[in-house]
Amino acid sequence: MRIADIQSHIDHELVSKDRIEDLISKVAAQVSQDYAGKDLLMVAVLKGAINTLAALSQAVTIPVQLEFMSLSSYGSGTTSSGSITVRKDLDCSVRGRHILIVEDIIDSGRTLRWLVDELRSRGAASVEVFALLDKTCRHEVQVDVKYPGYVIPDEFAVGFGLDYDERYRNLDSIAVLKPQEYEHEDQGEQS
Ligand SMILES: O=P(O)(O)OC[C@H]1O[C@H](OP(=O)(O)OP(=O)(O)O)[C@H](O)[C@@H]1O
Ligand code: HPA
Ligand SMILES: [Mg+2]
């Protein structure tokens, strides 16, 4: 789905499809070089990272293993609940493995902080991060990112895996919705 298909819902584009592809191909080249000859396990944080993982894993030139963990803290709103829910854990042990966490966005940083600490405590040999988007102005905790993505402003983004209330994940670029699209949000609800 493109912005033109849902134009009446979209306020503005933040990152075009071309810029997403450009960044992912550069990161893929670097990852292929950095992990050449190593046994790399890419861990995608579902659901948001689904598109980023698909694109990155196809663009690398080395064999990698793909695993998934489903974490949630936003639910149906635009603010973090502050607590991470594990909806699905990994199917394999990470002990002694080189891990690249693949994320769609760093906002407060809490999801990644939790996951990096968790994988290290499970005995991973190394844990690095690629996140397609980064709202640096909203970080509440510190996270080291080896492969940085695009810095975006403090606006709630959708597309390329990112949702608002489970919608818009299948948009092929990153955009901000019109204000009225967010208006049904219950301000009292922790999502
Ligand atoms: O830096 P943070 O403030 O922790 O926010 C980032 C996380 O929030 C979103 O996940 P969400 O909880 O919406 O789950 P989803 O990926 O299934 O949409 C996003 O996909 C990241 O995983
Ligand atoms: O801007 C965002 N969009 C979608 N999901 C998110 N999770 C944290 N920040 C965001
Ligand atoms: Mg979400």
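Residues numbered from 1 in each chain as written. Chains lettered and ligands numbered in written order. Predicted model: local features only at pLDDT ≥ 70, side-chain atom pairs only at ≥ 80, totals over all residues. Heavy atoms only, no water.

The name an unreviewed UniProt entry gives the chain is Hypoxanthine phosphoribosyltransferase, with Bifidobacterium actinocoloniiforme DSM 22766 as the organism. On record in UniProt, under Subcellular location (unreviewed entry), the comment for the chain is "Cytoplasm". According to the UniProt record, the Cofactor (unreviewed entry) comment for the chain is "Mg(2+)". (UniProt positions renumbered as here; feature names shortened; annotations may be inferred.)

Among the nonpolar cores identified, the biggest contains 43 residues, and Leu56, Phe130 and Ile174 are the most heavily contacted of them. Sorting the residues of this core by element identifies strand 1 (10–15), helix 1 (17–34), strand 2 (40–46), helix 2 (50–59), strand 5 (98–106), strand 6 (126–134), strand 8 (157–158) and strand 9 (174–177) as the ones contributing at least two each. With six residues, the top contributor of residues to this core is helix 1. Residues within four places of Ile174 in sequence aside, it is in contact with Glu13, Leu14, Val15, Ile20, Leu132, Leu133, Ala157, Val158, Gly159, Phe160 and Leu162. Leu41, Leu71, Leu90 and Val94 belong to the second-largest nonpolar core, a separate cluster that totals 19 residues. (Core = buried A, V, L, I, M, F, W, Y, C linked by side-chain atoms within 4.5 Å. Buried < 20%, exposed > 50% of the residue type's maximum accessible area, 1.4 Å probe, protein only. Helix = DSSP H or I, 4+ residues; strand = E, 2+ residues; numbered from the N terminus. Contact = heavy atoms within 4.5 Å.)

Let us now look at unusual backbone geometry. The omega angle of the peptide bond from Leu46 to Lys47 is 0°, so this bond is cis rather than trans. Locating Lys47 in the fold gives a position in the loop between strand 2 and helix 2. Located in the positive-phi region is Phe160, a residue other than glycine, with phi close to 50°. Here Phe160 is to be found in the loop between strand 8 and strand 9. Backbone geometry at Glu166 places phi at a positive 70°, although glycine is not the residue there.

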